[in-house]
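# Observations on chain architecture
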Amino acid sequence: MNATSTSVLPQTPQTPGLSEGQRLANIFFSPSKTFADLRRSARWWVPFLVICAFSYALSFTVDKKVGFETVSENQIKMSPKASAQMDQLPADQRARRMDMTVKITKGISYAFPVLLLIIDLIVAAVLMATFNFGLGTEVTFGQSLAVVFYSGLVGCIKILLAIITLFSGSNTDAFNFSNPVGTNPAFYMSITDTARWLYSMASWFDVFTLWTFALIGIGFAVVGRKKISSGIGVMAGWFIVMVLVSSGWAALFS
């Protein structure tokens with residue numbers, strides 16, 4: 001009886017992937033680990049749900065501590081044209097206009113998750129095209145979306161700071177959703193006395209905005225196996241574009 005021998009190749013041990021908790025924690029302390037794990041699994045819905053939960057917490061806090069009437073009035077003050085038009089209306093028409101504005105503002109705040117998803121789908125598509133064609137990466141759309149959502153988690157710290165500020169009784173009269181806490185120069189400027197383009201430009205130099213842009217650059221570099229400096233450089237370019245476009249838009253329509 002002939003015996004046949006078969007050679008068994010040793011199996012390479014598989015490194016276990018990160019748990020979702022580890023991915024969420026590492027985005028703040030060791031983001032490269034989270035982004036590297038996106039090559040294994042491009043789940044994006046967990047950070048999306050976390051961001052939604054914080055957003056709803058802020059909306060609820062604003063509703064109770066500030067009121068959407070005050071928020072709406074502050075938003076109108078940010079546009080001299082809109083403010084002037086409102087002041088020229090008869091009292092009854094002004095009341096109806098304000099009532100409608102309050103409903104729209106409140107509706108947008110509670111519909112934020114839907115708006116966020118739509119916006120980030122567009123952002124993910126644009127950035128995927130930018131990195132794939134510009135740097136020669138091979139990042140999938142799912143990975144791109146995951147990078148955007150995980151990077152956006154740092155904004156939850158800003159939301160938490162805003163909630164703490166409101167519960168402490170600060171900033172309730174001047175609160176607005178677009179700039180809820182003093183992490184950028186614009187927060188300390190007068191909305192009514194500062195040129196709208198300058199206020200818009202200053203608001204971009206926000207600690208958490210800069211952090212988010214840097215994380216996105218790191219994320220695409222890690223997932224796409226490129227130098228981190230290259231990824232951050234691409235996002236620095238996008239940052240400049242966004243600052244110039246938003247400031248120009250504010251100058252034209254303020």
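This text follows the structure it describes.
Since this is a predicted model, take the numbers as computed values, not measurements.

## Some words on the packing of aromatic side chains
For the structure shown, the criterion picks out 15 aromatic pairs. Ring centres of Trp44 and Phe48 lie 5.9 Å apart, and the angle between their planes is 65°; this geometry places the pair in the edge-to-face category. With centroids separated by 5.4 Å and ring planes inclined at 85°, the aromatic side chains of Phe213 and Phe239 adopt a geometry described as edge-to-face. Of this pair, Phe213 sits in helix 11 (residues 207–223) while Phe239 sits in helix 12 (residues 228–253), and the two are 26 residues apart along the sequence. Classification of Phe239 as buried rests on a relative accessible area of 10%. Three or more aromatic residues joined by ring pairs form one cluster here, namely Tyr56, Phe68, Tyr110, Phe175 and Phe177.

## Describing helix 1 (residues 20–29)
The complete set of buried residues in helix 1 reads Glu20, Arg23, Asn26 and Ile27. Axial view of helix 1: buried residues confined to an arc of 125°, hence all on one face.

## A look at the packing of helix 7 (residues 112–134) against helix 12
Their axes nearest at 11 Å, the elements helix 7 and helix 12 cross at an angle of 125°. Between helix 7 and helix 12, the angle is such that the two are oblique. With respect to the hand of their crossing, helix 7 and helix 12 are arranged in right-handed fashion. Contacts from Val126, Leu127, Thr130 and Phe131 in helix 7 reach Gly231, Val234, Met235 and Trp238 in helix 12. In the contact of helix 7 with helix 12, the residues fall into six nonpolar, two polar and no charged.

## Here's the deal with the nonpolar core
Ranked by size, the top nonpolar core spans 32 residues in total, and within it Phe35, Leu38, Val147, Tyr150 and Phe220 carry the most contacts. Not counting residues within four places of it along the chain, the set of residues in contact with Leu38 comprises Arg23, Arg43, Gln143, Ala146, Val147, Tyr150 and Val223. Counting residues in each nonpolar core, the second largest holds 10 residues, with Ile159, Leu166, Phe175 and Val181 among its members.

## Section: helix 11
With 17 residues, helix 11 should reach 24 Å at 1.5 Å per residue; the first-to-last C-alpha distance of 24 Å fits that figure. Across the 17 residues that make up helix 11, a large majority, 13, are buried. Between the side-chain oxygen of the N-cap and the backbone nitrogen of Phe208 there are 2.8 Å, and the N-cap of helix 11 in question is Asp206. Backbone geometry just after helix 11 places Arg225 at a positive phi near 60°.

## What about a nonpolar patch on the surface?
On the surface, Met100, Ile104, Ile108, Leu115 and Ile119 cluster together into a nonpolar patch covering about 460 Å² of accessible area. Contributions of two or more residues to the nonpolar patch are made by helix 6 (91–110) and helix 7. When residues in the nonpolar patch are grouped by element, the largest group, three residues, is from helix 6. Within the secondary structure layout, Ile108 lies in helix 6. Judged by relative accessible area, which is 46%, Ile108 ranks as partly exposed.

Rules used throughout
Residues numbered from 1 in each chain as written. Predicted model: local features only at pLDDT ≥ 70, side-chain atom pairs only at ≥ 80, totals over all residues. Heavy atoms only, no water. Phe/Tyr/Trp six-rings, centres within 6.5 Å; stacked < 30°, edge-to-face > 60°. Helix = DSSP H or I, 4+ residues; strand = E, 2+ residues; numbered from the N terminus. Buried < 20%, exposed > 50% of the residue type's maximum accessible area, 1.4 Å probe, protein only. Arc of directions from axis to C-beta. Axes fitted to C-alpha atoms, helices over the stretch in contact; angles between N-to-C directions. Parallel < 35°, antiparallel > 145°, perpendicular 65-115°, else oblique. Left-handed = near helix turned anticlockwise from the far one by under 90°. Contact = heavy atoms within 4.5 Å. Nonpolar A, V, L, I, M, F, W, Y, C, P; charged D, E, K, R; others polar. Core = buried A, V, L, I, M, F, W, Y, C linked by side-chain atoms within 4.5 Å. Expected span 1.5 Å × (residues − 1). Polar contact = N/O pair within 3.5 Å; in protein donor to acceptor, adjacent residues only side chain to side chain. Patch = residues over 30% accessible without salt bridge, like charges linked within 9 Å, V, L, I, M, F, W, Y side chains within 5 Å. Areas by Shrake-Rupley, 256 points an atom, 1.4 Å probe, with all protein chains shown as cover. Salt bridge = Lys/Arg side-chain N within 4 Å of Asp/Glu carboxyl O.

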